[in-house]
Amino acid sequence: MSHPYVVAITGASGAVYAIRLLSELVRTGRPIHLTVSDSGRAVIKQELGLELPRDAFAPEMLLSWIRPNAAESPIAAVQALQQKEDKYRRLRPELPAADTLRQQIIVHAANDFFSPIASGSYLTAGMVVCPCSGSTLSGIAHGTGGNLIQRAADVHLKERRKLVIVPREAPLSMIQLENMKIVAQAGGIVLPAMPGWYHEVNSLADLVDFVVARILDQLGVEHTLMQRWGD
């Protein structure tokens, strides 16, 4: 079996990036270990209108936001505002059945230190913290291991595996910049949620896809989410 991916969602704004990322990683067929911090759940509720249980939850609850024909979907409101957003369907790809999702996506409570991803002996294909809050960034930079997300990130750094953090904050303090520098020096990849505008942007979906595409590039996952420079 191929090594799994690890995805962590924390309390920075931009939960849509994480859900779009998950929808693309599901396509790889690899297992996905998912953990969401308390602040991450609060942001998901505020931005997407989804209320996730504190510990384990069925992954289709999270991915239902991008499932086609989801009733009362926030995407529908965005489409109405944009008056034409057929292109937003790219944020709502066809997903596997719920039973298949539950087998592929393993959800861990953020305080579960007995999770396999808390150990370096458990092999993975890489980890993404998306979005990455300032407090999570600090915990990773200084190795505090205050929750499963910070511990799993620490494991990826010490085992020299791919770790991608996706901060979404502006402006940045000197402390945050220093923490990003520490993570980068330790081998992590700092990939801020800064969408480009050179790929024929026609919708919000294009901007979301740009950031997710760059994350997938770092994981070595093939995709067609954006037009590359020079193509």
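Quantities reported herein were computed from a predicted structural model and do not represent experimental measurements. (Residues numbered from 1 in each chain as written. Predicted model: local features only at pLDDT ≥ 70, side-chain atom pairs only at ≥ 80, totals over all residues. Heavy atoms only, no water.)

Trainee: What is the right way to look at the sheet that holds strand 1 (residues 5–9) in this model?
Mentor: In any sheet, the strands associate via hydrogen bonds between backbone groups, in a parallel or an antiparallel arrangement. Read from one edge of the open sheet, 6 strands run 3-2-1-4-5-6, paired in parallel fashion. Both outer strands of the open sheet, strand 3 (105–109) and strand 6 (189–190), are each paired with one neighbouring strand and no more. The sheet contact formed by strand 5 (residues 163–167) and strand 6 spans 2 bridges and is parallel. Bridge pairing in strand 6 places Ile 165 opposite Val 190. Each of strand 1, strand 2 (32–36), strand 3 and strand 4 (126–132) is contacted by helix 1 (residues 15–27), which is oriented at about 155° to strand 4, the strand it contacts most. Against the sheet, helix 2 (residues 38–48) touches strand 1 and strand 2, its axis set at about 85° to strand 2. (Pairing = 2+ DSSP bridges. Helix = DSSP H or I, 4+ residues; strand = E, 2+ residues; numbered from the N terminus. Contact = heavy atoms within 4.5 Å. Axes fitted to C-alpha atoms, helices over the stretch in contact; angles between N-to-C directions.)

Trainee: Explain the layout of surface pockets here, please?
Mentor: Over the atoms, a rolled probe matching the size of one water molecule traces out where space is still vacant. Approximately 170 Å³ is the volume found for the second largest pocket. Taken together, 17 residues form the lining of the second largest pocket, with Ser 37, Asp 38, Ser 39, Ala 110 and Asn 147 sitting closest to its centre. Breaking the lining of the second largest pocket down by element, the ones donating at least two residues are helix 2, helix 6 (134–141) and helix 7 (148–158). The class makeup of the residues in the lining of the second largest pocket is 4 nonpolar, 10 polar and 3 charged. (1 Å grid on protein atoms, 1.4 Å probe; cavity = no way out; pocket = protein on both sides within 12 Å on 5 of 7 lines; lining within 4 Å. Points joined across faces, edges and corners; volume = space filled by probe spheres on them. Nonpolar A, V, L, I, M, F, W, Y, C, P; charged D, E, K, R; others polar.)

Trainee: Looking at this model, I keep getting lost on the packing of aromatic side chains. Mind explaining?
Mentor: Ring pairs (aromatic) are described by centroid distance and by the angle formed between their planes. All chains considered together, the criterion is met by 2 aromatic pairs. Aromatic pair Tyr 198 and Phe 210: ring centres 5.6 Å apart, planes at 85°, arrangement edge-to-face. Separated by 12 residues along the polypeptide, Tyr 198 in the loop between strand 6 and helix 9 (204–219) and Phe 210 in helix 9 bring together distant segments of the chain. The class of Tyr 198 is partly exposed, set by a relative accessible area of 39%. The exposure class of Phe 210 is buried, given its relative accessible area of 6%. Considering the side-chain rings of Tyr 198 and Trp 229, the 5.4 Å spacing of their centres and the 90° angle between planes classify their relative orientation as edge-to-face. With Tyr 198 in the loop between strand 6 and helix 9 and Trp 229 in the segment after helix 9, this residue pair connects regions lying 31 residues apart in the sequence. Connected via pairs of aromatic rings, a cluster forms that spans Tyr 198, Phe 210 and Trp 229. (Phe/Tyr/Trp six-rings, centres within 6.5 Å; stacked < 30°, edge-to-face > 60°. Buried < 20%, exposed > 50% of the residue type's maximum accessible area, 1.4 Å probe, protein only.)

Trainee: Would you explain the environment of Gln 218 in this entry?
Mentor: Relative to the assigned elements, Gln 218 resides in helix 9. For Gln 218, a relative accessible area of 26% gives the class partly exposed. Those residues in contact with Gln 218 that sit more than four places away from it in its chain are Lys 162, Val 164, Ile 189 and Leu 191.

Trainee: What should I look at first to understand the pattern of salt bridges in this one?
Mentor: Close approach of charged atoms lets side chains of opposite charge pair. The final tally for this structure, using the stated rule, is 11 salt bridges. Among the ionic pairs, Arg 27 bridges to Glu 24, the shortest N-O distance being 3.2 Å. Of the two residues, Arg 27 and Glu 24 are both situated in helix 1; the distance of 3 residues between them amounts to about one turn of the helix. Classification of Glu 24 by relative accessible area gives buried; the value is 8%. Several salt bridges share partner residues, and in doing so they unite Arg 20, Glu 24, Arg 27 and Asp 209 into one network. (Salt bridge = Lys/Arg side-chain N within 4 Å of Asp/Glu carboxyl O.)

Trainee: What is the right way to read the pairing of strand 5 from this model?
Mentor: In regular strands, side chains alternate between the two faces of the sheet. The element strand 5 is largely enclosed, with a buried count of 5 among its 5 residues. Sheet topology places strand 4 next to strand 5; 4 bridges connect them, and they run parallel. From the neighbouring strand, Met 127 faces strand 5, where its bridge partner is Leu 163. Taking the sense of rotation as the criterion, the β-α-β connection linking strand 5, helix 8 (residues 174–185) and strand 6 turns out right-handed. (Right-handed = clockwise from strand over helix to strand, strands pointing away.)

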